[in-house]
Amino acid sequence: MEMDKNSLEYKFAILETPNSGQVTFIKDEHSNEIFHPSTLFPAGLPPVYPSLLDEVQARFLEDPERLDIHDFRKTQRIWDPDVDIESLYSMNVCPVNTSLQVERNPTSGELLGYFEERIDALENSANMTSKNSWSMLRAPGPPSEATRGSSTNYPFWPGGMEEALSTMMRDGPSEVDFEEDFLTCPPGFESGVNFGKHGGSTTDSQTLNITDLIQDVDNHGWILDDVDTNNEKIEEKQKDEITLVRSNSLEDILKKDSNDENKKLVSHEESTENTLAMISPVEEWAVNVDISKPVSEWSKIASNMAHKYPFELDTFQKQAIVYLENHQSVFVAAHTSAGKTVVAEYAIALAKKHMTRVVYTSPIKALSNQKYRDFKTTFDNVGLLTGDVQLHPEGFCLIMTTEILRSMLYNGSEVIRDLEWVIFDEVHYINDAERGVVWEEVLIMLPEHCNVILLSATVPNTLEFANWVGRTKKKKIHVISTLKRPVPLEHFLYTGNSNKTSNELFLLLDHNRNFQTTGYTKAIDAKKERTSKHQKSFGAKSGKGATPGSDKGVWLSIVERLRKKEQLPVVAFTFSRKRCDDNASMLTSLDLTSSAEKSEIHIFFNKCVQKLKGSDRKLPQVTHMSGLLQRGIGVHHSGILPILKEVIEMLFTRGLVKLLFATETFAMGVNMPARTVVFDSIRKHDGTCMRELHAGEYIQMAGRAGRRGKDTTGTVIILCKGDVPEISDLHKMMLGRPTKLESQFRLTYGMILNLLRVEELRVQDMMKRSFAEFHSRKDSKEQEKRLKELISIIKSKQEIADVIKETDFGEYYDSCIELLELRERLQNELYLSSAGLKNLQPGRVLVLDTEKYKQHLAVSLKIDTSGKDKKFLVLVLCEKSEIEKEDTGEHKLSPQSILQKSLFRPEISVGQEIVTIHAEDISYLTTCKLDIKADRIIDDYTKRQIPRFRDDPPSQSTSVTTQELLRLIENNPNGLSSLDPRRDFDIKRLELVEDLSRIEYLENVIQTGFSCVDSGRFNSILSEVEEYMKVKKELDNLKYLLSDESLHLLPEYQDRVQVLKELRYIDEREAVQLKGRVACEISSHELVLTELVFENVLSPLEPEEIVALLSSAVFQKKMNLSEIVVPPCLEKGMNKIIQIATEIGEVQRHCGIRQPTEDFVSELKFGLTLVVYEWAKGTSFQEITNFTEVQEGVIVRTIQRLNETCRDIRNAARVIGDPGLYQKMEKCSELIKRDIVFAASLYTQ
C-alpha cells in the first residue's frame, strides 16, 4: 500500500502492556524526538485525568450557567455608608496596663489593702517562658535547670527596680518636651520621620494629602465642606485673640516691667531660694531598734513559735524574731558569740512552717559545710550547693556560697520563685576587695518577694548600710545591734620568755574597756630590766626581733601558765603560714593531752583518714598532723589539706585540741570560740607592706576568746617577743572604731554581658543602686521634685530666655563668671604659695575685694597658720562710722564694677579696722611696703575693743600707718601698681600661666567686646539674666546628677563596652553575640577562656594538657615565669594563652582601660601547670607534691576550682555546638576528680 508523504511525519510512541502483551500507540504532537518502545506498569496504562486548570476554566469561566446566582453568601454586596457624626466622638478603650491586686497578711490572710500592679506585656500569651520573660508568672523551665538555672534564661525582675520597668508607674507626671524629647530615627535606621512645622517651604512629591485619601474613600463632600468651615472659624477666632508683639530695640523687649513685676520677681526669687528648705526630709529606710526596752509583742509570739529554744533568748534575739514573724527584713550586728545564729535558725523554721524556701549564704566554702552540718541536725531536708558539691538541691533550706546565689539569680533559677528569706552571714566580708562586689550584686538582683536577714559583727555604719539596702529593695530594714559582749574580754601584755618570767602578764584593758596605763608601764619596765641584765651578762645586743630559740621559750612559758590557770584551749593567731608550721613543730616537748584524750584523738583521726586511699594516708602532712594532734596541738591555715582542717576543727570543738596555731582566716571562716586568744604579733603583711592590725581585724580575732555559758571572761594576750608595741598603736587597735562597711563595687565583663543579654536590665541601673553610689543617689526623689520646680520657673522666664538667645547677654554673663572663678583660683594658688606668703609679710600694702571692703586699701599685719586654712590679719582703711552708701545703680557684674581699679577713699572721717581675710579676698598686692609695728597695732586695736577703752584715740603706731595708707590713696586714686605674678611669684606651672593669660583676655573682652553693655537698661536686664542663669545652672546640675553621666564608674563601663565591641562579644547596638553568650557561661577570666574556645586552642590538645593549661586561670600564687617548669608538650599552649592575653590587654589599653597589659597577663599564673599535668596523668598526690614548694592545701583548692572551670568550658562547648570539646572537658573532670583532692567533706557525712 502506498503511503502518503505526510504520514511519515506522524509521531507516536509504542508501549507494551505486560499483562496482555498488547502494543499501544500513543500520539505525541509536542515532541520532535523519536520514541522507542517501552514497557508500562503491570496494571497497564494509568487513568488520564484532565488538567485542573482546564477543568476550572470549563466549569466556572466558560459555562456561567453553572453558577448559583441565588446563593447570596458567595457574592459581594455594596451598601452606601450611613453617615453618623456622633460615632466620631466615641473611641475604643485602650488595653488595661495595670490591675488591682489584694494585699494580705502572709500568715493570717487578713486583708490589708489594695495595690496597683503592672500587667506584663506577655501575660496574656502562652509563650511566656524563662527565655523571654522576667515575670514570676512565666512557665517553669525544665527540671534540669530548676536549681542552677541557665545562662539563656531571663533573671526574675529585681525588687526595687519598678521605675526602670515602666515609666507609667513613676510618681507624678513626667515633663516631656514635645519639640526636643521625641526621637525621630529608630535604632538601627539610617533615617527617620521628619516632624517639621506645618507650612514649610519644602514638600515631598510622594507625600499623600489626607484630603485626597478622604475623597477617595467617601463621596460625601459635605463632610469636607463642614471641616473647612470649622477651620475658617477657628482661624478667624485665633486672629481675634492672638496679637504678635514686636519690638524694634532691646529696651522695648522688657518695657512692660513695672514695680509690681519687679516685686513679683523678688518674691519669686525668695521662694526659689527657700524651696530646698521646704522639701520634705529624706525617707529613711533603716529603722534603729532599741534593745534596751522590753519586747512588747513577745508574749503574743512566745506561745506559738516556729522553733523552740531550750534557753532564754536575749532581747536582741526576741526583737529580731518579732520582725521575722511580721515578714520584715532585719540587720543584726552583734558581737562575736552573741548568738546571731539563733535569728538564722528561726528564719529557717519560719520557712518550713510557711512551706517556702530559704537560702543561707556564707563567704567561704568551709563555713557553708559547717553550717550544713549544724542545720541538718536541727532541720530535715537541708541542701548544700558549692562549687563542686550539690547535696539535696530539692531541700527547703539551701546553704551555699554567695557566688552560687549570684549565678542562680542571673540564670533565673526556679528556686527563686519560692524563696522567702535570704540569710547573709558575715556581711562585713563585703569589705573584701576581690569578692565584696558579689554581695552588692546579689542584694540588688533579689526579687521583691524575698526578705533579707543580714548578720554581721559590730560595724560603725550599720544604719548607713541598712539604709542603702532598704532604699535599693524599697523595704524597711530593722537594725538590731548588741550593746556589749555576752562574755567580756580582758587584754594583757606578756613579756616573759621562760618559766621564771611567766608571771610577767600585765593587764592592759579590763573587762569594762578601761585602758590601764600602769599595766603598759610595768610591761616596759619588765622588758628594760631583763634587757639590762642580758647586756651585763652577754654584752649589748639589740632587743628587737626574736630568734627561734627565744620563740620556743616564750611559747612554752605562756602555754604552761595558761594550763596551770585552766585557761586552755587557746587559739594562737600567727600571720604567716610558715610560722604557724614552725611554731607547732618546734614544741616537741609540749604534751597537753591525757591518755584518755590521746586514745579518743587516735580513734577519731584514724576513722576520718580511713576514707582515703592507702598512699594518701601516708602523706607527710597527714603523719605530721597525727603526731601533733596526739599532743593536743593543731595547725589551721589554707596550706593544710581540707580533710585535715575539718578533723582539727571537730577535735577543737570537742576540746581535744588545746593549742591551735591559726591564721586570720580562722576568725572569719569558722565559728569556734576558745578560752584564750594569743597574738604572736600585732603586725601583718597585707600584700603591699607590713602594718599594724586595724581595729576591726583585732576585734574580729580577739572576739574568739570567751565561750558563752562556760567562761565568765575571755582572755586576750599579746606576746612582746621584741620591744613592747607603742601605747598609741595599742590604744588605737583595742579601742578604735571597727572597720566601716565600704563598697567594693566594680565592673566585670561577666556582669556587663549578663545584664546586656536582657534588654530591660541596664548596667547603669545596677551601678546606680550600688553601695558606692548610695550617697550621691539617696536624695534622688527630692532632686526630681526640685527639678520639676526649676523647669516650671524656666518656663515662666521665657521672655528673658528669648533676650539671651537674641543678644550677647548670655555670653557676657558667662565671661564674667569665668573671670571671677579664674581670679579666685589664681589668688589661692599665688597668695598661699611660698612666694606669696613671703610677699604677704607684715607691712605689705594690698587691695581688698570683698562685699564690705570693695577696693579698700589695707596693710598686712600677721599670717595665721593655726587652722587648717591659712588666714591673714590686715589693717584696712575705712569710714570711721557707718554711713548709708548711695546706690550707684551699677550691677556687680557690670564692666565698671568687675574691672574697677580706683581705690576707696573715706568721705567723712577716716577709720581703721583689723579683720581676718582669706586669699580669695585679696584683689592684688601692691609694690608698696610700709615699715610698721604690727604687734603694737594689734594690741592697740584689741584694747580699744574693750567697752571702757572704746573711745580712746588710736595709738601712734596705728595713726602713722593710717596716715600712710591715706597718703597712698590721695596720690594714686586710680590704683597702685601691683606685683607682677610672673616675676614676683615665680610662676612656672603651665596651667597657672594659661589662667593668667585667660584672665587678661577676658578683662579686655568684657571692656570692649560685648554690644549689650551699650543698652540703656543694661543693669536691670543683667539682674534678670543673672537670676535666669543661676536657675538654669542649678537645673543643668540637677539633670546631670540624675543622669547616668554622673556615675563615677560610667567611663570605665563605656571603655569595657568598647572592648567587648572590638572583640565582637556584642554588636554596635550592644546586642550580645555568640561569643558573649559563651562568656556568660564562664565565671572567671571570661575573655581569655572564651578566646581559647573560639580560636580552637583546646580541641587539638589531650585532656591532660587542657587541664594543665587551664590551671593558670585558677592558681593565685605569684611566681616568675622563669621559675616555672613546664613540660615541652605544654610550652606551645602556654605561649598561645600568653599571646591571647596580651592581645586582649592591648585592646583594653587601646579602649582606655588603665590596666597595663603586663598586669593583665600576669593574672594568669602557670605555677602549678606541671603538678596538674601529672595529677591528670594519674600520678599519686604524694608524688606531685615533690614537683613544687606550694603547700598541699593550696594544691587541693586549685584543682577543686579547676573542676569548676572545666564545667564552664564544657557548657561553653554545648552553646557553640562542639561535641568533641564537650566530651574532652568531661574527660578532664573525670581525670582530676579522684582521691584526696575530692575527698568528701566530713561535715556532709
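Look up a bit, the structure's there.
Residues numbered from 1 in each chain as written. Predicted model: local features only at pLDDT ≥ 70, side-chain atom pairs only at ≥ 80, totals over all residues. Heavy atoms only, no water.

Peer 1: Teacher, can you tell me more about the overall build of the protein here?
Peer 2: Helices and strands together make up the secondary structure of the protein, namely 47 helices and 28 strands. In the protein, buried positions account for 46% of the 1245 residues. Counted over contacts in the protein with a minimum sequence separation of 6, partners at least 24 positions apart contribute 73%. For the protein, the accessible area works out to roughly 68,000 Å², and carbon and sulfur atoms hold 50% of it. (Helix = DSSP H or I, 4+ residues; strand = E, 2+ residues; numbered from the N terminus. Buried < 20%, exposed > 50% of the residue type's maximum accessible area, 1.4 Å probe, protein only. Contact = heavy atoms within 4.5 Å. Areas by Shrake-Rupley, 256 points an atom, 1.4 Å probe, with all protein chains shown as cover.)

Peer 1: Quick question: what am I supposed to make of empty space enclosed by the protein here?
Peer 2: Enumeration according to the criterion identifies 1 cavity of 30 Å³ or more in this entry. Of the pockets and cavities examined, the largest cavity occupies roughly 40 Å³. As for the largest cavity, its lining consists of Val1088, Leu1089, Leu1092, Leu1109, Leu1110, Ser1112, Ile1137 and Leu1164. Every element with two or more residues in the lining of the largest cavity is listed here: α40 (1086–1094) and α41 (1103–1110). With 3 residues, α40 is the single largest residue contributor to the lining of the largest cavity. (1 Å grid on protein atoms, 1.4 Å probe; cavity = no way out; pocket = protein on both sides within 12 Å on 5 of 7 lines; lining within 4 Å. Points joined across faces, edges and corners; volume = space filled by probe spheres on them.)

Peer 1: Please explain the sheet that holds strand β27 (residues 910–917) as it appears in this structure.
Peer 2: Strands in a sheet are paired, the pairing made by backbone hydrogen bonds, and the direction either parallel or antiparallel. The strand order across the open sheet built from 5 strands is β27-β26-β25-β24-β28, with neighbouring strands paired in antiparallel fashion. With one partner strand each, in any of the chains shown, β27 and β28 (922–929) form the two edges of the open sheet. Strand-to-strand twist across the sheet, computed as the mean angle between neighbouring axes with direction ignored, equals 35°. Pairing geometry for strand β25 (residues 854–864) and strand β26 (residues 871–879), over 6 bridges, is antiparallel. Along β26, the bridge assignment pairs Lys862 with Leu873. Seen against the sheet, helix α33 (residues 934–943) touches β25, β26 and β27 and runs at an angle of roughly 105° to β27. (Pairing = 2+ DSSP bridges. Axes fitted to C-alpha atoms, helices over the stretch in contact; angles between N-to-C directions.)

Peer 1: Please explain the pattern of salt bridges as it appears in this structure.
Peer 2: Where charged atoms from two side chains of opposite charge come close, those side chains can pair. The tally for this structure, following the rule as stated, stands at 51 salt bridges. In this structure, Arg982 engages Glu1000 in a salt bridge whose closest nitrogen and oxygen atoms are separated by 3.4 Å. On the criterion of sequence distance, the pair formed by Arg982 in helix α35 (residues 981–984) and Glu1000 in helix α36 (residues 990–1008) is long-range, its members being 18 residues apart. Its relative accessible area of 36% is what places Glu1000 among the partly exposed residues. Taken together, the shared-partner salt bridges in this structure form one network comprising Arg762, Asp765, Lys768, Arg769 and Asp1044. (Salt bridge = Lys/Arg side-chain N within 4 Å of Asp/Glu carboxyl O.)

Peer 1: Can you help me understand the environment of Val1078 in this one?
Peer 2: Inspection of the secondary structure assignment puts Val1078 in helix α39 (residues 1074–1080). We classify Val1078 as buried; its relative accessible area is 0%. Separated by 12 residues in sequence, Val1078 and Thr1090 place their C-alpha atoms 6.6 Å apart.

Peer 1: Would you mind going over helix α10 (residues 341–354) with me for this structure?
Peer 2: Within an α-helix, residues lying three or four positions from one another point in the same direction, as the helix has 3.6 residues per turn. An ideal rise of 1.5 Å per residue puts 20 Å on 14 residues; α10 measures up with 20 Å between its terminal C-alpha atoms. Taken residue by residue, α10 has Val342, Val343, Ala344, Glu345, Tyr346, Ala347, Ile348, Ala349, Leu350 and Ala351 as its buried positions. One or two positions beyond α10, positive phi appears at Met355, with a value near 60°. (Expected span 1.5 Å × (residues − 1).)

Peer 1: Got a minute to help me understand a positive patch on the surface in this structure?
Peer 2: A grouping of Arg577, Lys1117, Arg1197 and Arg1201 is seen on the molecular surface, where their side chains present a positively charged patch. When you line up the elements, Arg577 lands in helix α17 (residues 577–586). Judged by its relative accessible area of 32%, Arg577 falls in the partly exposed class. (Patch = residues over 30% accessible without salt bridge, like charges linked within 9 Å, V, L, I, M, F, W, Y side chains within 5 Å. Lys, Arg positive; Asp, Glu negative; His and termini not counted. Charge placed at Lys NZ, Arg CZ, Asp CG, Glu CD.)

Peer 1: So what exactly am I meant to see when it comes to the environment of Ile430 here?
Peer 2: Examined against the element boundaries, Ile430 turns out to sit in the loop between β12 (419–424) and α13 (436–445). For Ile430, a relative accessible area of 0% translates into the label buried. In the structure, Ile430 is positioned 311 residues away from Leu741 in sequence and 6.9 Å away in space, judged by C-alpha atoms. With sequence-adjacent residues up to four places away left out, Ile430 is seen in contact with Gly436, Trp439, Glu440, Phe465, Leu741, Glu742 and Gln744.

Peer 1: Looking at this structure, how should I read unusual backbone geometry?
Peer 2: Across the chain, the bulk of peptide bonds are trans and the bulk of non-glycine residues have phi less than zero. With an omega of 5°, the peptide bond between Leu568 and Pro569 qualifies as cis. Take Pro569: it is sitting in the loop between α16 (548–564) and β17 (570–573). At Asn1096, a residue that is not glycine, the phi angle is positive and equals roughly 60°. Considering the arrangement of structural elements, one finds Asn1096 in the loop between α40 and α41. For Asp1235, which is not glycine, the phi dihedral falls at a positive 55°. Note that Asp1235 resides in the segment after α47 (1219–1232).

Peer 1: Please clarify how the nonpolar core should be interpreted in this entry.
Peer 2: Nonpolar side chains in soluble globular proteins tend to be buried together. Membership of the largest hydrophobic core comes to 210 residues, with the highest contact counts inside it found for Phe424, Phe465, Phe679 and Phe1181. When residues in this core are grouped by element, the largest group, 8 residues, is from helix α46 (residues 1192–1216). Setting aside anything within four residues of it in sequence, one finds Phe679 in contact with Phe573, Phe575, Leu693, Tyr698, Met701, Ala702, Val716, Ile717, Ile718 and Leu719. (Core = buried A, V, L, I, M, F, W, Y, C linked by side-chain atoms within 4.5 Å.)

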